[in-house]
Amino acid sequence: MRLEARNISFSYQDEKPVLSDIDFTVETGEIVGLTAPSGYGKSTLGKILAGYLKPDKGTVLVDGKSADVKAFHPVQLVFQHPEKAVNPRWKMKKILTEAWVPPEEMIRKMGIEQGWMNRWPAELSGGELQRFCVLRALSPQTKFLIADEMTTMLDMITQAQIWRVVTEYAARKEMGIVVISHDTYLLKRLCSRIVRLNE
Amino acid sequence: MYTADMETRQKKSSPEDGMPVFQVMNFGVSFSQYENGINRKELHVITDLDIELYEGKILAVVGSSGSGKSLLAHAIMGILPGNATIYGKMFYRHEELTRASIARIRGKKICLIPQSVNYLDPLEKVGSQISRAINGVPKAEKKRRAIEMMARYSLDPQVYDYYPHQLSGGMARKVLLSIALLSDCEILIADEPTPGLDEPSLAEVLQDFRLAADEGKAVLMITHDIQAAVRIADRIAVFYAGSTLEVADAKAFSGDGSQLCHPYSKALLQAMPQQDFLPLDGVQPMPGDLPEGCLFYERCPIRCEDCRCSRPQSRPVRGGKVRCFYAA
């Protein structure tokens, strides 16, 4: 299966285009890095791939088709700031199981404590919340994961811990990953190829 | 006034010369929370913390997310919420700080570079927020200096007339930096100043901190980017579950980590993508559920029975300090 973006152009309101005629592909089972200086449209491309934004021009195809907007989206995006990606009025258990119920083993491997399930998001730290946000996105229906600075706000140990779970899962389930980051060491460590966006 | 208490502090700070400009001792922060209606509970988020800042030196604080790094910064500035209680002592030069005296020196002697853009006033133009940091010169000169500083971070002069909502995340960070670096404070506290910056901006920011220190400022940089810390800091303090487990020379955080003492510091280094990218099982204990003994007991590879029941005190090792019975 392949996630394919063809001739993508995008601009916010009337400003100059952030992306113009971008082509980008990821195969399932592949881990691709995406890097560029700030303001070059990395996150914008991530949002377009995951269906959060509609490009001005061009198409995004999953397995040769446009994604069905009424079903679970096979491309899932994980953001940099987990505290902005969870419902503050839901407890953690409800947040985690919104789309699927992860098996106990994955919860344990991700380092999520049972005691956290009954807490509110405001009671957990960024590192603790991000574990929920990542696991929440790893449903069996997820074919591609877009990790937009997914571990930038986290300490080194938590970062390594989360990536170990994600890469093991991706290898087992043939999931494709796009890693958006400024951290060249992280990209070299994780990715089989790295794409640089130009202005 | 010279007291015996200060004499002991001076001895403790022997690895570096002179008096610390700023010091916190046996410091703690707790929050009172209500649960099940009316039961009040004290949640200890920072415990037994010691930190010393010296003129011309950069201390980086690294450590796990949720270990209370930002709270430390907020406690120093006296901007914690009302349900927080502070324990221990804080000294600025010879003076012990109280809530009132913190309020007098913050923003003047001590400056904070906050973590998020939310700390800018949304109703005031960026330019006037920057120029307010400059004191004692005419208005036109303030504007000239502000624009000069903005240019160093490749912000266009037109940004001077922007409102904060018109800035991107990276631009907002540069504005926050400009404000702090233009002020003539003696102590600069930077709370996560680097995430999301691209390499050229990162290099510029780090160089500016080094310059600020070389001009005589004492800098406290809170970060989880160990690599950035190693590039500019003199010393690195390792935070875990609201306490410092180790304070070491910044150089100890390069190479194979054999210069580090505490097993948690070693694990942090090994987890870096340019090292082994090796995670450590388990999680940091939650505030309110801290173990009786060593805070790192659950995850420690070299733990012994006594670590479970008693908490190690900070002791000097190899020019640094470590909070572990067995680290050598």
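Our structure's up above, just so we're on the same page.
Quick summary incoming for the structure in this document. This structure is a prediction, so every number in the text was calculated from the model and none was measured. (Residues numbered from 1 in each chain as written. Chains lettered and ligands numbered in written order. Predicted model: local features only at pLDDT ≥ 70, side-chain atom pairs only at ≥ 80, totals over all residues. Heavy atoms only, no water.)

1. Digging into the overall build of chain B
Logical step 1: The number of helices and strands found in chain B is 10 helices and 12 strands.
Logical step 2: Its C-alpha atoms give chain B a radius of gyration of 20 Å, near enough to 20 Å, the size a compact globule of 328 residues would have.
Logical step 3: Taking the principal axes of its C-alpha atoms as reference, chain B extends roughly 65 × 50 × 45 Å.
Logical step 4: In chain B, which comprises 328 residues, the proportion classed as buried is 53%.
Logical step 5: A sequence separation of at least 24 residues applies to 64% of the contacts in chain B between residues at least 6 apart.
Logical step 6: Accessible area for chain B stands at about 14700 Å²; split by element, carbon and sulfur atoms hold 51% of it.
Logical step 7: Taking the 38 positively charged and 40 negatively charged side chains of chain B as two groups, their mean positions are separated by 4 Å. (Helix = DSSP H or I, 4+ residues; strand = E, 2+ residues; numbered from the N terminus. Rg over C-alpha atoms; globule rule 2.2 N^0.38 Å. Buried < 20%, exposed > 50% of the residue type's maximum accessible area, 1.4 Å probe, protein only. Contact = heavy atoms within 4.5 Å. Areas by Shrake-Rupley, 256 points an atom, 1.4 Å probe, with all protein chains shown as cover. Lys, Arg positive; Asp, Glu negative; His and termini not counted. Charge placed at Lys NZ, Arg CZ, Asp CG, Glu CD.)

2. Some details on the packing of helix α5 (residues 139-152) of chain B against helix α6 (residues 169-182) of chain B
All names here are of chain B.
Logical step 1: As a packed pair, α5 and α6 sit with axes 10 Å apart at the nearest point and diverge in direction by 130°. In terms of orientation, α5 and α6 fall into the oblique class. Crossing hand, α5 versus α6: right-handed. Residue-level inspection shows Arg145, Ala146 and Met149 of α5 in contact with α6, the latter providing Ser178, Leu181 and Leu182.
Logical step 2: Of the residues assigned to the contact of α5 with α6, the class counts are 4 nonpolar, 1 polar and 1 charged. (Axes fitted to C-alpha atoms, helices over the stretch in contact; angles between N-to-C directions. Parallel < 35°, antiparallel > 145°, perpendicular 65-115°, else oblique. Left-handed = near helix turned anticlockwise from the far one by under 90°. Nonpolar A, V, L, I, M, F, W, Y, C, P; charged D, E, K, R; others polar.)

3. Points about the nonpolar core
Logical step 1: One finds Leu135, Leu138, Trp163, Val166 and Ile177 of chain A together with Leu188 and Phe209 of chain B to be the most contacted residues of the largest nonpolar core, which totals 109 residues.
Logical step 2: With 9 residues, helix α5 (residues 156-173) of chain A is the single largest residue contributor to this core.
Logical step 3: When residues no more than four places from it in sequence are discounted, the contact partners of leucine 138 of chain A are Trp100, Met106, Leu145, Val166, Tyr169 and Met175 of chain A.
Logical step 4: Grouped together as the second largest cluster of nonpolar side chains are 36 residues, Ile76, Leu80, Ile187 and Val247 of chain B included. (Core = buried A, V, L, I, M, F, W, Y, C linked by side-chain atoms within 4.5 Å.)

4. Points about α5 of chain B
Residues and elements named next belong to chain B.
Logical step 1: Compared with an ideal rise of 1.5 Å per residue, which puts 14 residues at 20 Å, α5 spans 20 Å between its outermost C-alpha atoms and is within 8% of the ideal.
Logical step 2: Along α5, the positions that sit buried rather than exposed are Ala146, Met149 and Met150. Burial along α5 is one-sided: seen end-on, the buried residues are contained in an arc of 100°.
Logical step 3: Just downstream of α5 lies serine 154, where phi reads positive at about 50°. (Expected span 1.5 Å × (residues − 1). Arc of directions from axis to C-beta.)

5. A closer look at empty space enclosed by the protein
Rolled over the atoms, a probe sized like a water molecule indicates the empty space that remains.
Logical step 1: Summed over all chains, the structure comprises 5 cavities of 30 Å³ or more.
Logical step 2: Reported here for the second largest cavity is a volume of approximately 120 Å³.
Logical step 3: Lining of the second largest cavity is provided by 15 residues; of these, Arg131, Asp155 and Thr158 of chain A together with Ser64 and Gln284 of chain B occupy positions nearest its centre. (1 Å grid on protein atoms, 1.4 Å probe; cavity = no way out; pocket = protein on both sides within 12 Å on 5 of 7 lines; lining within 4 Å. Points joined across faces, edges and corners; volume = space filled by probe spheres on them.)

6. Here's the deal with the interface of chain A and chain B
Logical step 1: Between chain A and chain B, the contact holds 30 residues from the first and 31 residues from the second.
Logical step 2: Of the roughly 2500 Å² buried at the junction of chain A and chain B (both faces included), carbon and sulfur atoms supply 62%.
Logical step 3: Three residues, Met156, Ile157 and Arg189 of chain A, lead the burial of chain A against chain B; their summed loss comes to 28% of the area buried on that side.
Logical step 4: Here chain A and chain B share 1 salt bridge between them.
Logical step 5: In this structure, the connection of chain A to chain B is made through 6 residue pairs in polar contact (both at pLDDT 80 or more). (Buried area = accessible area lost by both parts, 1.4 Å probe. Salt bridge = Lys/Arg side-chain N within 4 Å of Asp/Glu carboxyl O. Polar contact = N/O pair within 3.5 Å; in protein donor to acceptor, adjacent residues only side chain to side chain.)

7. Here's the deal with unusual backbone geometry
Logical step 1: Positive phi, normally seen in glycine, also occurs at phenylalanine 277 of chain B, with a value near 55°.
Logical step 2: By the element assignment, phenylalanine 277 of chain B lies in the loop between α9 (263-270) and α10 (305-309).

8. What to know about the pattern of salt bridges
Residues and elements named next belong to chain B.
Logical step 1: One pass over the full model with this rule turns up 23 salt bridges over all chains.
Logical step 2: The partner of glutamate 141 in a salt bridge is arginine 144, and the shortest N-O contact between them spans 3.1 Å. Placement of the pair is glutamate 141 and arginine 144 together in helix α5, with a separation of 3 residues, close to one helical turn.
Logical step 3: Residue glutamate 141 is classed as partly exposed on the basis of its relative accessible area of 23%.
Logical step 4: With relative accessibility at 45%, the residue arginine 144 sits in the partly exposed group.
Logical step 5: Between arginine 145 and glutamate 141 there is a salt bridge, with the nearest N and O atoms lying 3.0 Å from each other. One end of the pair is arginine 145 and the other is glutamate 141, both in helix α5 and 4 residues apart, which spans about a single turn.
Logical step 6: By relative accessible area, arginine 145 is classed as partly exposed at 30%.
Logical step 7: Via salt bridges that share partners, Glu55, Arg93, Lys109 and Glu186 belong to a single interconnected network.

All we've got here are geometric facts, nothing functional implied.
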